[in-house]
Amino acid sequence: MKGLIVTIVFVFAVLLLFVMHLKRNDTLLKPGSISFISMKSGESDGFAIRTNVNISPRTRIRFTDSEWNGNHFGFDENDMLWISGDTLIKAESVINFSNLNANATVSYGTILGSMQLSKKSEAIFAYMGGERMPTVFLAAIANNEFGYGTILNTGLINGETAITLPKEY
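Cut-offs used in this document
Residues numbered from 1 in each chain as written. Predicted model: local features only at pLDDT ≥ 70, side-chain atom pairs only at ≥ 80, totals over all residues. Heavy atoms only, no water. Pairing = 2+ DSSP bridges. Helix = DSSP H or I, 4+ residues; strand = E, 2+ residues; numbered from the N terminus. Axes fitted to C-alpha atoms, helices over the stretch in contact; angles between N-to-C directions. Core = buried A, V, L, I, M, F, W, Y, C linked by side-chain atoms within 4.5 Å. Buried < 20%, exposed > 50% of the residue type's maximum accessible area, 1.4 Å probe, protein only. Contact = heavy atoms within 4.5 Å. Salt bridge = Lys/Arg side-chain N within 4 Å of Asp/Glu carboxyl O. Lys, Arg positive; Asp, Glu negative; His and termini not counted. Polar contact = N/O pair within 3.5 Å; in protein donor to acceptor, adjacent residues only side chain to side chain.

**Some words on the sheet that holds strand S8 (residues 123–130)**
Hydrogen bonds between backbone atoms are what pair the strands of a sheet, whose relative direction is either parallel or antiparallel.
Argument step 1. In space, the 6 strands of this open sheet follow the order S7-S4-S3-S8-S9-S10, with mixed pairing throughout. Because the sheet does not close on itself, it has two edges, and the strands there are strand S7 (110–113) and strand S10 (162–164). With direction set aside, neighbouring strand axes in the sheet form an average angle of 25°.
Argument step 2. Looking at chain direction, strand S9 (residues 133–142) and S10 are connected through 3 bridges and run parallel. Each residue of the ladder has a partner; that of isoleucine 141, found in S10, is isoleucine 163.

What follows is the structure, encoded as structure tokens:
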């Protein structure tokens, strides 16, 4: 009986530590946790995001410029994975993604992949999940309302978490 009690206490302690570790180190991001604040196409494609919440170390956010059809992304464009780095990124930080069409760079963390942005009709989606398999959409930006494909079934709201730039951009 004593052995069973020790085992139960041990399992409970391990589970408690695991849950505390998850809460401390994993960012539970949702739509609006980040915002796109710029998008540039040309010789040196790029964009910038603003963090609206603290971003935990080693958070992984994916970006794609593929169109969304309401159920999945197309396979005709590019994907990038951003790993936030080893330190907490405070809310209201600006993160710049530059030179996307060559050797992409980012102001915090690491970026894997590349992206070539069109001046005519382009969108970038930020999401959590597997490659082209979003579990949570965080934000989107487009230089044309048709660039998204659609934002149906993303949880994003046009004009709030999905921003379409004015035509002069």
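**A short note on the nonpolar core**
Argument step 1. Counting residues in each nonpolar core, the largest one holds 27 residues, and the members touching the most others are Phe36, Phe47, Ile49, Phe63, Trp82, Phe97 and Ile124.
Argument step 2. At the level of secondary structure, the elements contributing two or more residues to this core comprise strand S1 (34–40), strand S2 (46–51), strand S3 (60–64), strand S4 (79–83), strand S5 (94–98), S8 and S9.
Argument step 3. Beyond its immediate chain neighbours, meaning those up to four positions away, phenylalanine 47 contacts Phe36, Ser38, Met39, Phe63, Met80, Ile95, Asn96, Phe97, Leu100 and Ile124.
Argument step 4. The next biggest cluster of nonpolar side chains, apart from the first, holds 12 residues, and it includes Phe73, Ala123, Tyr148 and Ala162.

**Considerations on the pattern of salt bridges**
Argument step 1. Tallying each qualifying case throughout the model produces 3 salt bridges.
Argument step 2. In this structure, glutamate 92 and arginine 50 form a salt bridge, with 3.9 Å as the shortest nitrogen-oxygen distance. Of this pair, glutamate 92 sits in the loop between S4 and S5 while arginine 50 sits in strand S2, placing them 42 residues apart in sequence.
Argument step 3. Where arginine 58 meets aspartate 86, a salt bridge forms, and the shortest distance between an N and an O atom there is 3.5 Å.

**Focus: the side chain of threonine 51**
Argument step 1. Within the secondary structure, threonine 51 is located in strand S2.
Argument step 2. Take threonine 51: its relative accessible area is 0%, and that puts it in the buried class.
Argument step 3. Ignoring anything within four residues of it in the chain, the contact list for threonine 51 reads Ser33, Ile34, Ile89, Lys90, Ala91, Glu92, Ser93 and Ile95.

**With respect to the side chain of glutamate 122**
Argument step 1. Along the chain, glutamate 122 falls in the loop between S7 and S8.
Argument step 2. Buried within the structure, glutamate 122 lacks any salt-bridge partner; its nearest side chain of opposite charge belongs to arginine 132, at an N-O separation of 10 Å.
Argument step 3. At 2.9 Å, the side chain of glutamate 122 and the backbone nitrogen of serine 118 are in polar contact.
Argument step 4. Every residue in contact with glutamate 122, bar those within four places of it in the chain, is listed here: Met39, Asp65, Glu77, Gln116, Leu117, Ile141, Ala142, Asn143, Asn144 and Gly147.

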